[in-house]
Amino acid sequence: MIGTVRLERSVAAALPRLAAAALPREACGLLTGRRAGGVLLLDGLAPSRNLAAGEGSFEIDAALHLRLQRSTRAVAAVWHSHPRGGPTPSARDAAGAWDAGLVWLITAGDATTAWLPLGEGLGFAPLPLELA
Ligand SMILES: [Zn+2]
């Protein structure tokens with residue numbers, strides 16, 4: 001079980017900038033990292049095009065995901081931004097949390113939070129997030 005998410009500082013700093021650049025749409029991407037005990041260290045960021053059609057949603061480029069998984073085998077988290085509202089999962093996010101193997105990170109403004117999907121349709125549990 002993952003007890004804590006540790007985010008490398010340069011990655012943490014990049015997320016609000018990417019989110020701002022994507023406005024009014026959601027920004028999204030994948031993070032790579034590794035687990036040590038109950039800690040998940042995230043130290044790599046691969047921004048994705050947002051393939052979703054609407055403004056209030058996101059869809060990671062599956063080709064990017066596959067490429068990254070093949071080259072690093074370390075895709076550990078999915079990230080997106082909320083242009084409106086806070087950094088907590090929306091109803092749409094809960095419906096889309098199909099892969100329990102990936103931690104979710106959400107950025108709103110300068111705040112980023114981490115979430116553990118509990119399974120399809122079951123929502124998320126919050127995870128402590130600290131900077132490395
Ligand atoms: Zn969302």
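Just so it is clear, the structure is predicted and the values come from calculations on it, not from any experiment.

**Student:** Mind showing me how you'd approach the packing of aromatic side chains here?
**Tutor:** Pairs of aromatic rings are described using the distance from one ring centre to the other and the angle between the two planes. Under the definition given, this model contains 2 aromatic pairs. Between F58 and W104, the ring centres sit 5.8 Å apart and the planes meet at 80°, which makes this aromatic pair edge-to-face. In this pair, F58 is assigned in the loop between β3 (39-48) and α2 (62-72) and W104 in strand β5 (residues 103-108), connecting sequence segments 46 residues apart. As far as burial versus exposure is concerned, F58 and W104 are alike and both buried. Seen from their ring centres, W104 and F124 are 5.0 Å apart, and the 65° between their planes marks the pair as edge-to-face. Here the residue W104 occupies a position in strand β5, and F124 occupies one in strand β7 (residues 124-127), the gap between them amounting to 20 residues.

**Student:** Can you walk me through helix α1 (residues 9-22) in this structure?
**Tutor:** An α-helical segment advances 3.6 residues per turn. Residues three or four places apart therefore align on the same side. In this model, α1 (14 residues) spans 21 Å end to end at C-alpha, consistent with the 20 Å of a helix rising 1.5 Å per residue. Within α1, the full set of buried residues consists of V11, A12, A14, L15, P16 and A19.

**Student:** Is there a simple way to explain the nonpolar core in this structure?
**Tutor:** One recurring pattern in soluble globular proteins is that nonpolar side chains are buried together. Among the nonpolar cores identified, the biggest contains 19 residues, and L7, L31, L42, V103 and L105 are the most heavily contacted of them. Of all the secondary-structure elements, those providing two or more residues to this core are β1 (4-7), α1, β3, β4 (75-81), β5 and β6 (111-117). With 4 residues, α1 is the single largest residue contributor to this core. Setting aside anything within four residues of it in sequence, one finds V103 in contact with I2, V5, L40, A76, A77, V78, A114, W115, L116, P117 and L127.

So, how was this worked out
Residues numbered from 1 in each chain as written. Predicted model: local features only at pLDDT ≥ 70, side-chain atom pairs only at ≥ 80, totals over all residues. Heavy atoms only, no water. Phe/Tyr/Trp six-rings, centres within 6.5 Å; stacked < 30°, edge-to-face > 60°. Helix = DSSP H or I, 4+ residues; strand = E, 2+ residues; numbered from the N terminus. Buried < 20%, exposed > 50% of the residue type's maximum accessible area, 1.4 Å probe, protein only. Expected span 1.5 Å × (residues − 1). Core = buried A, V, L, I, M, F, W, Y, C linked by side-chain atoms within 4.5 Å. Contact = heavy atoms within 4.5 Å.

None of this, on its own, says anything about what the molecule does.
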